[in-house]
Amino acid sequence: MTKSVKNPEWQFIDDQGTFIMPDPQFLSRLYFPLCNEQGLISAITPDLQGDIKTGQNSFLLQPVTEFDLHNLKSKRDFWLYIEGAGAFSLANLGREDTRLEAGFLYQTITRKIAKVNLETEITNFVPVSGEPVELMSVTIKNTGRKQLAITPTCAVPIYGRSADNLRDHRHVTSLLHRILVSRSAVIVTPTMSFDERGHTLNKTSYIVQACAGNGALPIGSFPTIEEFIGEGGNLAHPGSILQQTVPTAQNGATRAGKEAMGALQFATTMLKPGKQLSYIVIMGVTADPKDTKRWLKKFGSTEKYSAALTANKNYWREKLGQITFDTDNEKFNNWTKWVMLQPILRKICGNSFLPDHDYGRGGRGWRDLWQDLLALILIHPGEAKRALVNNFAGVRIDGSNATIIGHKPGEFIADRNNITRVWMDHGTWPYLTLELYLHQTGDFEILLEETSYFRDPQLMRGKHRDTEWTPQYGLQLKNKKGELYWGSIIEHILVQHLVQFYNVGEHNHIRLEGADWNDGLDMASERGESVAFTALYAGNLMKIADLLETLAQRKQITAISLASELLILLDTIGTATNYNVITEKHKTLDHFFAAVTPAISGKKKEVPLAAIVKDLRAKAQWMRNHIIENEWLTVKGSMNFFNGYYNNDGQRVEGEQAKGLRMTLPGQVFPIMGNVAQLEQIPQIFAAIKKYLQDKNLGGFRLNTNFHELQLNLGRAFSFSYGDKENGAFFNHMCVMLAYSLFSRGFAREGYEVLSSIYHMSAQTAQSKIYPGIPEYFNSTGRGMYHYLTGSASWFIVTLLEEVFGVRGFFGDLLLNPKFSLNQINELGQISITTTFAEKRIQVTYINARSLEYSKYSVQAVSINGEKTDFRLIGKAAALISRSVLQKRATKKINLIEVVLE
């Protein structure tokens, strides 16, 4: 029986994030990530499309993009030839009854083939034990009344080389293939590889291995595409299956110079009514072909496969259970578990290797390094410390940073392509991440810990290139004596922010350079300015000043050691600069660049903390005043918001223009986040956002209004169709930061509206057409795009934990400051969260028996494990519990903290 289902939707079936979806084949472009933390990465669709790889140069299955998911025939498959009925592909779902189940991290597809009364179940996962394999089990059950003669064949095309070879010598590189058939596997070991790395001897093998659930091995193989499909056939209609060709390749058979095929056939079996058959398929990438024996021994039976699957589920559930949200919406609670997974996926995949992410080579960018640490800091701050220190080694002495990130911790790589591009926002993210770490831990020692600076041919923020630099110099800054120079973490932070204060355009805002957070604003490097990120730098400067005051109090120190050249940028110590005179700022910056180019002196000076604090506050206040006085717009007589940018012609971007009103979301987010916008301005900003950027049908908030023309003096973003990518899409990263900014300034109702819009757009499957989680953006129809690998996931968790549930650190102490919505609490007026703080597992429950709004309630009482606890009331709705009190009272495996709100 066939049917048509227009809008299949997923639904959760437990409290562990497991979900099902009927007939997923009726939604296009669905895919699911499978991976382990050792680096085997897979993508899989309901019909088993997708690829398997360990890196850019080692793809087992053919690399696929989102477009290929519905276009390619090359994919995992398992064929059944049934005597008297013909051939059936278990991967080609057609219109039969199908059910998907997915959890952490596995996919199961159950299918009914009514024509022959069979029910099949295929489960795929990547074992957390670390083997570079994807495992697939196939179960076939006879639900009819007749005995069936079934001949099963595992059929997995083996691509076996670099993704570069897909369009670069595809045929020639197949000539390198050397194929060996063993008793259980087809093993492909190319003789060599040649790509951008050069001509190298290959040591990687690509393997498809199979056995029956009872351990029985295949009877033979079709080890090449040619042999499997036959002349005139194809992967959807393979001649070997349709014509019941006997496999001639037995143990020890070899082939050379052919496209490989992991086609392994099993003996014909009589399947009685009510009985079932099972098979295990192992698909792997390894430097040691002998791994096939180890893999078969570990996974080669139904029982062993099931044990590995159980271990896989338990591992991911425990890892993702570090933070659990308990609201009145069970669907939302489960959905957040998938959001928790996403920062882990990006750590494993980088910004590549899933079908939507058809760019890059697996690495992460500078922002990713810092934003992906946010979730780790919340769960395991101790593990995050070393990563933080390592990452600061990517900062250049000119305040810019490395943009090519290596795979090892703290590894940064020199620009290979002589492409000079500097992102002006990059200096803001390290401080924001460090600030979260400091609040969670109170570890002020990290500020004084020293690390190196990055050094490559780029000088003076990409304006000059050092023609004398060679790889032999190394990638770390040296002093004039040729010795490595190390500076404290706080020195790195100061370099990033002080340089940018002086690096201004003709309107005295920080230059846009190569782009800011919006990569699409990449055509205004000469005269472009980012008012938006000038506001964030201003906010950071003020917070750094506060941090240094706290450092002085906590550590009882009055001065810190800084590179002597940095004093050029500190007006309270060096020569004062008139901030209103742009040429003076440029003169100061040029003086600093000349002093540190091509090498730094290595001399340091003790600088009074009080003097630094005074200087930073003066700079921050000047920036705030300058933005408010010059960039606060009034449009159409009554609406107000900030201008966020100037283009390459030196013209203001936002406001009323000839082709209509123009507004950007970043131009509003960062003045709020950076405490530039005054409290009375925020309601006006949000009203303008709702009027001009909120979609009335979908509920989400767009990145910008429609500019109605190309912006060749601003960036490529406006060449995209409106509503896609950086041109007016519902860009979740910026939307989450809008919510965070609103919550942090006390506008809880507005923040909740923005945050819930992301959830509702994601969770409405008929509209978003994705599995649970947050995509990078939604297009104009509400479809989720670029799923899984997005920095918005980390920011969503941080916002939910710290702002909505109000569980956060304050320089090492525990601050409870909830801002939840009334529709999130249960019938008892309660809402709770389980997390880790100060190495203690805590479950915080807020009791709001009178159902009061955030602006109405105050903290009345706090208890830990039933014992009333002293706290310091901050404002009305925040309770501060000292770290020492928490560690003394929290003696249980999970410590119950109750907060009474009245």
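Please read these numbers as outputs of a predicted model, since none were measured by experiment.

Novice: Just checking my understanding: could you explain the sheet that holds strand E46 (residues 859-864) for this structure?
Specialist: Either a parallel or an antiparallel arrangement is found when strands of a sheet pair, and the pairing is made through backbone hydrogen bonds. If you walk across this open sheet you meet the six strands as E24-E44-E45-E50-E46-E47, and the pairing is mixed. Lying at the two open borders of the sheet, with one neighbouring strand each, are strand E24 (324-326) and strand E47 (867-868). In terms of strand pairing, E46 meets E47 through two bridges, oriented antiparallel. For Ser863, the partnering residue across the bridge sits in E47 and is Lys868.

Novice: Sorry if this is basic, but what is going on with the pairing of strand E43 (residues 813-816) here?
Specialist: Within a regular strand, the side chains alternate between the two sheet faces. Both faces of E43 are covered, namely the face carrying Asp813 and Leu815 and the face carrying Leu814 and Leu816. Here strand E42 (residues 807-810) pairs with E43 via four bridges, running antiparallel. Residue Val807 lies in a different strand from E43, and its bridge partner there is Leu816. Between E42 and E43, which pair antiparallel in sequence order, lie two residues; one of them, Phe811, sits at a positive phi of approximately 50°. Sheet topology note: the E43/strand E49 (residues 878-881) ladder contains three bridges and is antiparallel. Within E49, the position partnered with Leu816 by the bridge is Ala879.

Novice: Quick question: what am I supposed to make of the packing of helix H7 (residues 366-379) against helix H8 (residues 381-392) here?
Specialist: When two helices pack together, you describe them by how their axes are tilted relative to each other and by the distance separating the axes. H8 packs onto H7 with a crossing angle of 160° between their chain directions and a minimal axis gap of 8 Å. As judged from the angle between their axes, H7 and H8 are roughly antiparallel. Crossing angle aside, the handedness with which H7 passes H8 is left-handed. Contact residues: H7 offers Trp366, Leu369, Trp370, Leu373, Leu376, Ile377 and Ile379, while H8 offers Pro381, Glu383, Ala384, Ala387, Leu388, Asn391 and Phe392.

Novice: Which parts of the structure should I look at to understand the packing of aromatic side chains?
Specialist: Working definition: an aromatic ring pair is given by the centre-to-centre distance plus the angle between the planes. Enumeration over the complete set of coordinates arrives at 47 aromatic pairs. Geometrically, the ring pair formed by Phe501 and Tyr502 is edge-to-face, given 5.1 Å between the ring centres and 90° between the ring planes. In this structure Tyr502 comes out as buried when scored by relative accessible area, which is 0%. Ring plane angle 75° and centroid distance 6.2 Å describe the contact between Tyr579 and Trp622, whose orientation is recorded as edge-to-face. Taken together, the residues span a long stretch of sequence, with Tyr579 in the loop between strand E32 (559-563) and helix H13 (582-596) and Trp622 in helix H14 (residues 609-631) at a distance of 43 residues. Looking at Trp622, the relative accessible area reads 15%, which means it is buried. Taken together, the ring pairs connect Trp10, Phe12, Phe19, Phe32, Phe104, Trp338 and Tyr771 into an aromatic cluster. Seen from the ring of Phe837, Arg883 lies directly overhead, with NZ or CZ sitting 5.5 Å from the centre.

What counts, and at which threshold
- Residues numbered from 1 in each chain as written.
- Predicted model: local features only at pLDDT ≥ 70, side-chain atom pairs only at ≥ 80, totals over all residues.
- Heavy atoms only, no water.
- Pairing = 2+ DSSP bridges.
- Helix = DSSP H or I, 4+ residues; strand = E, 2+ residues; numbered from the N terminus.
- Buried < 20%, exposed > 50% of the residue type's maximum accessible area, 1.4 Å probe, protein only.
- Axes fitted to C-alpha atoms, helices over the stretch in contact; angles between N-to-C directions.
- Parallel < 35°, antiparallel > 145°, perpendicular 65-115°, else oblique.
- Left-handed = near helix turned anticlockwise from the far one by under 90°.
- Contact = heavy atoms within 4.5 Å.
- Phe/Tyr/Trp six-rings, centres within 6.5 Å; stacked < 30°, edge-to-face > 60°.
- Lys NZ or Arg CZ within 6 Å of the ring centre and 35° of its normal.

These results come straight from atomic positions and should not be treated as a statement about function.
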